[in-house]
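Here is how the chains run, residue by residue.
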Amino acid sequence: TQLLEQSPQFLSIQEGENLTVYCNSSSVFSSLQWYRQEPGEGPVLLVTVVTGGEVKKLKRLTFQFGDARKDSSLHITAAQPGDTGLYLCAAGTYKYIFGTGTRLKVLA
Amino acid sequence: AAGVIQSPRHLIKEKRETATLKCYPIPRHDTVYWYQQGPGQDPQFLISFYEKMQSDKGSIPDRFSAQQFSDYHSELNMSSLELGDSALYFCASSLGGGNGYTFGSGTRLTVV
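Reading guide: rules and limits
- Residues numbered from 1 in each chain as written.
- Chains lettered and ligands numbered in written order.
- Predicted model: local features only at pLDDT ≥ 70, side-chain atom pairs only at ≥ 80, totals over all residues.
- Heavy atoms only, no water.
- Core = buried A, V, L, I, M, F, W, Y, C linked by side-chain atoms within 4.5 Å.
- Buried < 20%, exposed > 50% of the residue type's maximum accessible area, 1.4 Å probe, protein only.
- Helix = DSSP H or I, 4+ residues; strand = E, 2+ residues; numbered from the N terminus.
- Contact = heavy atoms within 4.5 Å.
- Pairing = 2+ DSSP bridges.
- Axes fitted to C-alpha atoms, helices over the stretch in contact; angles between N-to-C directions.
- Buried area = accessible area lost by both parts, 1.4 Å probe.
- Salt bridge = Lys/Arg side-chain N within 4 Å of Asp/Glu carboxyl O.
- Nonpolar A, V, L, I, M, F, W, Y, C, P; charged D, E, K, R; others polar.
- Lys, Arg positive; Asp, Glu negative; His and termini not counted.
- Phe/Tyr/Trp six-rings, centres within 6.5 Å; stacked < 30°, edge-to-face > 60°.

Colleague: Explain the nonpolar core to me, using residue names and the numbers behind them.
Modeller: Among the nonpolar cores identified, the biggest contains 22 residues, and Leu21, Trp34, Leu76, Met78 and Tyr89 of chain B are the most heavily contacted of them. Those elements that provide at least two residues to this core are β3 (19-24), β4 (31-37), β5 (44-50), β7 (64-68), β8 (74-78), β9 (87-94) and β11 (107-111) of chain B. With residues near it in sequence (within four places) discarded, Met78 of chain B still touches Glu17, Thr18, Ala19, Leu21, Arg63, Phe64, Tyr89 and Leu109 of chain B. Counting 21 residues, the second-largest nonpolar core is a separate cluster that includes Leu19, Trp34, Leu61 and Phe63 of chain A.

Below is the structure:
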């Protein structure tokens, strides 16, 4: 049973468009991370959120942790081809479980 | 800044052979994790070590074993390799829990 469901699974958009990726669970987590992974490389940590309702911004990326700490969203403003990759949410305390992933492709 | 170092980057083995993957965590990180990622799949947790002791175990086959040494590097030993073991194997390290991992670049294992 996958504890972290991400949606959408695939997303192909034009450069300049906005998008939102969702990470949902029925479990409550003490913290949640978002990673970006490029083919053949290891996931790279983008952000950690720990407080319910927390919002963090990283340039054009906005991350939000749900009030109940069961879900999170990643919003990208004015997407660029360099944003292309696999976006993974992960949660847990000492052992992280990864979400199903969202494969984003931004077309120039 | 030093990152997580994994070796080798690529490995090709035949069925029933053995393989050893190595991981050198970020200095002063106290926990090492191993993940397996099949094609088009999310990383699956295998095993972790905290201060050189096994701290958690996931979906690691009995044919696999791992340990963390006194210098904090870790090795994943895989025996009786099967075609289905072909995957990317990632090592990650962290300082404490809940702070996010730093992943290595992975070892791509191909079993033929």
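Resuming the write-up.
Colleague: How would you explain the sheet that holds β3 of chain B if you had to name every residue and give the values?
Modeller: Residue and element names in this part refer to chain B. Read from one edge of the open sheet, 4 strands run β1-β3-β8-β7, paired in antiparallel fashion. Since the sheet does not close on itself, it has two edges, and those belong to β1 (5-7) and β7, each with one partner. Taking each pair of neighbouring strands and ignoring which way they run, the sheet shows an average axis angle of 15 degrees. Bridge count for β1 against β3 is 3 bridges, and the pairing is antiparallel. Of the residues in β3, the one forming a bridge with Ser7 is Lys22.

Colleague: Which residues make up the environment of Gly3 of chain B, and what are the values?
Modeller: Residues and elements named next belong to chain B. Mapped onto the secondary structure, Gly3 falls in the segment before β1. For Gly3, a relative accessible area of 31% puts it in the partly exposed group. Between the alpha carbons of Gly3 and Asp85 there is a distance of 26 Å; along the sequence they are 82 residues apart. Apart from the residues within four sequence positions on either side, Gly3 is in contact with Tyr24 and Ile26.

Colleague: An account of the interface of chain B and chain A is requested, with residue identities and associated values reported.
Modeller: Contact with chain B, which involves 21 residues of that partner, is made by 21 residues of chain A. Between chain B and chain A the total buried area reaches about 1600 Å² when both faces are included, carbon and sulfur atoms providing 50% of it. Seen at the junction of chain B and chain A, the total is 1 salt bridge. Between Arg9 of chain B and Glu41 of chain A there is a salt bridge, with the nearest N and O atoms lying 3.6 Å from each other. If you tally residues by element for the side of chain B that touches chain A, the top one is β4 of chain B, at 3 residues. For the side of chain B that touches chain A, the residue count by class is 8 nonpolar, 9 polar and 4 charged.

Colleague: Tell me what's going on with the side chain of Asp42 of chain B, and back it up with residues and numbers.
Modeller: With respect to the element layout, Asp42 of chain B can be found in the loop between β4 and β5. Here Asp42 of chain B is buried and forms no salt bridge, its nearest opposite-charge partner Arg103 of chain A lying at an N-O distance of 8.5 Å.

Colleague: I'd like a description of the packing of aromatic side chains, backed by residues and values.
Modeller: Using the criterion set out here, one finds 12 aromatic pairs over all chains in the structure. Note on Phe98 of chain A and Tyr35 of chain B: the rings are 5.3 Å apart at their centroids and 90 degrees apart in plane angle, and the pair reads as edge-to-face. With Phe98 of chain A in strand β10 (residues 97-98) and Tyr35 of chain B in strand β4, this residue pair bridges two chains. On the basis of an interplanar angle of 25 degrees and a centroid distance of 3.9 Å, the ring pair of Tyr33 of chain B and Tyr101 of chain B is categorised as stacked. Here Tyr101 of chain B lies in the loop between β9 and β10 (102-103) and Tyr33 of chain B lies in strand β4, a separation of 68 residues in the sequence. Each member of the pair, Tyr33 of chain B as well as Tyr101 of chain B, carries the same accessibility label: buried. Among the aromatic residues, those joined into a cluster by ring pairs are Tyr35, Tyr96 and Phe98 of chain A together with Tyr33, Tyr35, Phe45, Phe90, Tyr101 and Phe103 of chain B.

Colleague: Go over the pairing of strand β7 (residues 61-65) of chain A with me, naming the residues and quoting the values.
Modeller: Residue and element names in this part refer to chain A. Burial along β7 is one-sided: Leu61, Phe63 and Phe65 are buried, while Thr62 and Gln64, pointing the other way, are not. With 4 bridges joining them, strand β6 (residues 55-58) and β7 adopt antiparallel strand pairing. When the bridges of β7 are listed, Lys57 appears paired with Thr62. The turn linking β6 back onto β7 is made up of 2 residues, and Lys59 within it adopts a positive phi angle of 55 degrees. Bridge analysis of β7 against strand β8 (residues 71-76) gives 5 bridges, and the strand direction is antiparallel. Within β8, the position partnered with Thr62 by the bridge is His75. The hairpin formed by β7 and β8 contains 5 residues between the paired strands, and Arg69 there has a positive phi angle of roughly 60 degrees.

Just distances and angles here, no functional claims.
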